[in-house]
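A closer look at the structure
If you want the building blocks of each chain, they are given just below.
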Amino acid sequence: MNEPTALIQRYYAAFNASDAQGMLALLTDDVRHDINEGETQTGVEAFRAFLARMDAHYREQVQGLVVMTSADGTRAAAEFMIHGEYLRTDAGLPEARGQRYVLPVGAFLIFVTGRSRG
């Protein structure tokens, strides 16, 4: 297994364990996060705040993770299904009543010196 694949697998294992610190430790300080149907945020602190908001409103698990990497190891993509539960009403969204959902997800990453850049 190549290093980018191993890093992505560690990242999503930390996600499934609700280990925000473990996730953040794998990112560079200038991580870029394009939020679904939302804005682009830059920086590990912005991503930390995003994770805290998500944890307050949702419980999610990654299943069926597939990782694809470029031949030179500088780019990768991850595809998976997110299985979630809407726990607490999030601003601008309908009232939370424990709704469950399954969504397809794609993530695209760039690697610099062995660490994901977003």
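Preceding this paragraph is the structure being described.
How each quantity is defined
- Residues numbered from 1 in each chain as written.
- Predicted model: local features only at pLDDT ≥ 70, side-chain atom pairs only at ≥ 80, totals over all residues.
- Heavy atoms only, no water.
- Helix = DSSP H or I, 4+ residues; strand = E, 2+ residues; numbered from the N terminus.
- Buried < 20%, exposed > 50% of the residue type's maximum accessible area, 1.4 Å probe, protein only.
- Contact = heavy atoms within 4.5 Å.
- Pairing = 2+ DSSP bridges.

Positionally, T5 belongs in helix α1 (residues 3-16). For T5, a relative accessible area of 12% puts it in the buried group. Apart from residues lying up to four places away in sequence, T5 is in contact with V67 and T69.

As paired elements, strand β3 (residues 58-69) and strand β4 (residues 75-86) share ten bridges and run antiparallel to each other. For V62, the partnering residue across the bridge sits in β4 and is I82. Adjacent in sequence and paired antiparallel, β3 and β4 are bridged by five residues, among which G73 carries a positive phi angle near 75°. Bridging between β4 and strand β5 (residues 100-112) involves eleven bridges; their strand directions are antiparallel. The partner of A76 across the bridge, within β5, is L109.

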